[in-house]
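Remarks on the overall topology
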Amino acid sequence: MADTAMSGSGTTDGDDPLQTAVWRLRSRGCWTDAAALLAPTADDPPVAAQRAALLIERCLYTEKGWPEAEDALRAAEAVARADDERGAAACERGYLAYAATLHGVRDRADEARAALGRAAALLGPAAPGRALLDFRRGLLAQYLADSPEAARAAYRRAHAGATAQGDALLLSSTWRHLAGLALREGELSEARHGFAESLRLREELGYLVGTAPALAALADAEPEPEAGRLRAEARRLFRLLGGVPTWLASQLAPHPAA
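Structural notes, computed from the coordinates.

1. Overview of the pattern of salt bridges
Taken as a whole and assessed by the stated rule, the structure comprises 22 salt bridges. One salt bridge in this structure joins Glu 149 and Arg 152, with 2.6 Å as the shortest N-O distance. Here Arg 152 and Glu 149 lie together in helix 8 (residues 148-165), a separation of three residues that amounts to about one turn. Ionic pairing is found between Glu 224 and Arg 231, a salt bridge with its closest N-O pair at 3.9 Å. By sharing partners, the salt bridges in this structure join Glu 70, Arg 74, Glu 77, Arg 93, Arg 108 and Glu 111 into a single network.

Okay, here's the thing in structure tokens:
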């Protein structure tokens, strides 16, 4: 299953109290509460896009809340004026359509491709949102088009952009997805390194809701008994967060005895 990613690097000493509170809620899977904190200033285009992104991430992790995410996205599209603002909204439009397709809600693959294409036309190569866009184009290539080579190229562009911008959360996702492609090709050493880096970054950021998937991914590249230990820790976090992300349940089911 595809990992989710929204740009952000957690809290730092320079963050304002509102963004710190939003991050803390988001990192624990409280997306609705985080979005509610942003509602009073949601007529500001960047805030509107952030609010929509939070609710879209909720859809990806819980498979619920689709109407609320759509409403927030339409609001973000309505207030966007500059190219970078419209590009950010189009990137979220593509991501929501991708999520709906991935989870089998409705086939919106064409809408996802078109929206991310619009975002690419609006966001210049050096735009802050370009790395996130490249990552999401990689997700489409991998999970909707079954094109691992195109996905790898997009992930590498996103990885370079996230590194340059210091976006640790996005970097954790690019590490994980590049590692997943390496594992698929039998490159175990490369896969272990990428999965371990992804897990390290999420633990350092305190991104609790994304840590169980990172643990499970690393377990897939490790031999026993380390794999079992990692899955046990992932199951503990999964239960702690009330079964989120929903798609992780099948990966964490105990393996039957040989």
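Anyway, onward from the coordinates.
2. A short note on the packing of helix 4 (residues 66-79) against helix 5 (residues 83-102)
The geometry of helix 4 relative to helix 5 is characterised by a closest axis approach of 9 Å and an angle of 160° between their N-to-C directions. Taken as axis vectors, helix 4 and helix 5 run roughly antiparallel relative to one another. Between helix 4 and helix 5 lies a crossing whose hand is left-handed. Along the contact surface, helix 4 presents Trp 66, Ala 69, Glu 70, Leu 73, Arg 74, Ala 76, Glu 77 and Val 79, while helix 5 presents Glu 85, Ala 89, Glu 92, Arg 93, Leu 96, Ala 99 and Ala 100. Residues belonging to the contact of helix 4 with helix 5 are distributed by class as follows: nine nonpolar, no polar and six charged.

3. Quick word on the state of the cysteines
Here the structure, examined in full by the defined rule, presents zero disulfides. Unpaired in this structure, Cys 30 has its nearest cysteine sulfur neighbour in Cys 59, at a distance of 16 Å. With no disulfide partner, Cys 91 has as its closest neighbouring cysteine sulfur the one in Cys 59, 15 Å distant.

Calculation criteria
- Residues numbered from 1 in each chain as written.
- Predicted model: local features only at pLDDT ≥ 70, side-chain atom pairs only at ≥ 80, totals over all residues.
- Heavy atoms only, no water.
- Salt bridge = Lys/Arg side-chain N within 4 Å of Asp/Glu carboxyl O.
- Helix = DSSP H or I, 4+ residues; strand = E, 2+ residues; numbered from the N terminus.
- Axes fitted to C-alpha atoms, helices over the stretch in contact; angles between N-to-C directions.
- Parallel < 35°, antiparallel > 145°, perpendicular 65-115°, else oblique.
- Left-handed = near helix turned anticlockwise from the far one by under 90°.
- Contact = heavy atoms within 4.5 Å.
- Nonpolar A, V, L, I, M, F, W, Y, C, P; charged D, E, K, R; others polar.
- Disulfide = S-S within 2.5 Å.

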